[in-house]
Amino acid sequence: MASWVVRTPAIRDALSASTGRMGLVLFGLSIGSMTGILASGLLVRRFGTKSVIAMSTALVIAGISVLGVATTIGSTWSAFAGLMLFGLGMGCSEIAINVDGADVERAENRPLLPLLHGTFSAGTVVGSLLGLGLTHIGVGVMWHLLGVTVAAVIATVLVLPSIPGGFGVEHRGPRRGFGDATRQQFVVWSERRVVLIGCVVLGMALAEGAANDWLALLVVDAHGYSPTAGSLIFTVFAASMTAGRFLGGKFVSRFGRTPVVRTSALCTALGIVLVISTSQPAIAVAGVVLWGLGGSLGFPLAISAAGDGGGDAAMRVSAVATAGYIAFLVGPPLLGFLGEHFGLQRAMIVVVALACCAAATASAVRPRPGN
């Protein structure tokens, strides 16, 4: 994912796309991701997490390679198709991984989801550093993304045999169809606590998604930074997210979920305000660090909170994760359309407002008695 993010300015230039047209390209990612997210519950129950991860990883790899070719031929619709494949694979895998992660966390009785999400952020650091180096030496987008494709194929072949099978399969009772699984997710949202947790994850996931898709372009277009500097700024953000997630478990154990989530949301809002309100490099970098550190814990801690309590915890986790990925993936294209009319800096005010809403509803992530 980072390989795509750090090259967005170059991809935008190769496609000769306006901000609004880039929003349309990003909509391919949203369509694919939403399809994958909505289908993931049924697929996991039918085939298990290992099969879903294998299938979805293949789709992600295919999507990134199509995107690389699209930039060479300058085809907006090919880029749209590549991101749609990418999103379909990502949407399918992320829900299954979060459901399993919540189960492992409950079994271990200690906060592990921030660490799990931290490995995702660590991947964005590696990918963004690679993209930064290749951008600096002038390697074309196609060769960059095709190289990443080859590396991903090798990594997948090496890792998949080590993933245990059998998790997530529905062994008892009649198998539920897609409509039944979708209706059950809507029933989960009748719980007030789930709705409030959804507000937290909505704001925090949008903050992360907005940075992934627009931070590099924001500093390049609004503040006049070079594409290389834009990639470096995103690397700072990714490193801050990674640090926050690897270290966050200690803060959660000491202070509890609610204070950590509330503080994180307010730091996110402050960081975004600093980034959009100044072109001074030192202040902008400080804002990016606050944005990354603040945005690192809200999503995983909301997933942990959804898994608390009895009943169908897996369904609650799936529902909240779905809300998060809707914000993470659908929100940024909508910000693009707002940016086309009002400018990206003003569009980011929406993210600030939702981060403040996350802070206001943070009490919903407080552990239930007995957890």
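Model, not experiment: these values are computed from the prediction. (Residues numbered from 1 in each chain as written. Predicted model: local features only at pLDDT ≥ 70, side-chain atom pairs only at ≥ 80, totals over all residues. Heavy atoms only, no water.)

Peer 1: Tell me what's going on with the overall build of the chain, and back it up with residues and numbers.
Peer 2: Counting its regular elements, the chain contains 15 helices and 0 strands. Taken against the 2.2 N^0.38 rule, which gives 21 Å for 371 residues, the C-alpha radius of gyration of the chain at 19 Å falls within 12% of a compact globule. Burial analysis of the chain (371 residues in total) assigns 53% to the buried set. Positive and negative charge centroids in the chain, built from 23 and 15 side chains respectively, lie 5 Å apart. (Helix = DSSP H or I, 4+ residues; strand = E, 2+ residues; numbered from the N terminus. Rg over C-alpha atoms; globule rule 2.2 N^0.38 Å. Buried < 20%, exposed > 50% of the residue type's maximum accessible area, 1.4 Å probe, protein only. Lys, Arg positive; Asp, Glu negative; His and termini not counted. Charge placed at Lys NZ, Arg CZ, Asp CG, Glu CD.)

Peer 1: How would you summarise helix α2 (residues 8-15) if you had to cite specific residues and measurements?
Peer 2: Turning to α2, its buried residues number three or more, namely Thr8, Pro9, Ile11, Arg12 and Leu15. All buried residues of α2 fall inside an arc of 165 degrees around its axis, so they share one side. Its buried side turned inward, α2 meets α1 (2-5), α3 (19-47), α4 (49-73), α5 (76-108), α7 (141-159) and α9 (192-223). Following α2 by one or two positions, serine 16 adopts a phi angle in the positive range, close to 50 degrees. (Arc of directions from axis to C-beta. Contact = heavy atoms within 4.5 Å.)

Peer 1: I'd love a proper account of the domain arrangement of the chain, names of residues and values included.
Peer 2: In terms of domains, the chain is made up of domain 1 (1-163) and domain 2 (178-370). A separation of 18 Å is found between the C-alpha centroids of domain 1 and domain 2. The interface is formed by 50 residues belonging to domain 1 together with 47 residues belonging to domain 2. Taken together, domain 1 and domain 2 are joined by 4 residue pairs in polar contact (both at pLDDT 80 or more). (Domains from an automatic or database assignment. Polar contact = N/O pair within 3.5 Å; in protein donor to acceptor, adjacent residues only side chain to side chain.)

Peer 1: Residues and numbers for the packing of aromatic side chains, please.
Peer 2: Going through the model one piece at a time under the given rule, you end up with 4 aromatic pairs. Look at tryptophan 77 and phenylalanine 80: their rings are 5.6 Å apart centre to centre, the planes differ by 65 degrees, and that puts the pair in the edge-to-face class. Taken as a pair, tryptophan 77 and phenylalanine 80 lie in helix α5 at a separation of 3 residues, close to a single helical turn. For tryptophan 77, a relative accessible area of 55% translates into the label exposed. Overall, the relative accessible area of 14% leaves phenylalanine 80 in the buried class. Three or more aromatic residues link up through ring pairs in this structure, and these residues are Phe234, Phe237 and Trp291. (Phe/Tyr/Trp six-rings, centres within 6.5 Å; stacked < 30°, edge-to-face > 60°.)

Peer 1: Go over the confidence of the model for the chain with me, naming the residues and quoting the values.
Peer 2: The predicted coordinates of low-pLDDT regions are not to be read in fine detail. In the predicted model, the chain carries a mean pLDDT of 83, and the fraction of residues at 70 or more is 92%. By mean pLDDT, helix α8 (residues 178-188) is the weakest element of the chain at 62, and helix α11 (residues 257-277) is the strongest at 93. (pLDDT = per-residue confidence, 0-100.)

Peer 1: So what about the packing of α9 against helix α13 (residues 298-306)? Which residues, and what values?
Peer 2: Running from amino to carboxyl end, α9 crosses α13 at an angle of 160 degrees, the nearest separation of the two axes being 8 Å. Put simply, α9 runs roughly antiparallel to α13. Like other packed secondary-structure pairs, α9 and α13 cross with a definite hand, here left-handed. Taken together, the residues of α13 that come into contact with α9 (itself represented by Arg193, Ile197, Val200, Val201, Met204, Ala205 and Glu208) are Gly298, Phe299, Ala302, Ala305 and Ala306. (Axes fitted to C-alpha atoms, helices over the stretch in contact; angles between N-to-C directions. Parallel < 35°, antiparallel > 145°, perpendicular 65-115°, else oblique. Left-handed = near helix turned anticlockwise from the far one by under 90°.)

Peer 1: With reference to specific residues and values, describe the side chain of asparagine 212.
Peer 2: Mapped onto the elements, asparagine 212 comes out in helix α9. Among residues more than four places away in sequence, those in contact with asparagine 212 are Met1, Val5, Phe234, Phe237 and Phe328.

Peer 1: Any details on the pattern of salt bridges? Residues and values, ideally.
Peer 2: For side chains bearing opposite charge, pairing can occur when the charged atoms are close. Per the counting criterion, the structure on display carries 3 salt bridges. Arginine 12 serves as the salt-bridge partner of aspartate 13, at 2.9 Å between the closest nitrogen and oxygen. A salt bridge links glutamate 108 to arginine 110, with the nearest nitrogen and oxygen atoms 3.6 Å apart. Glutamate 108 sits in the partly exposed class, given a relative accessible area of 44%. (Salt bridge = Lys/Arg side-chain N within 4 Å of Asp/Glu carboxyl O.)

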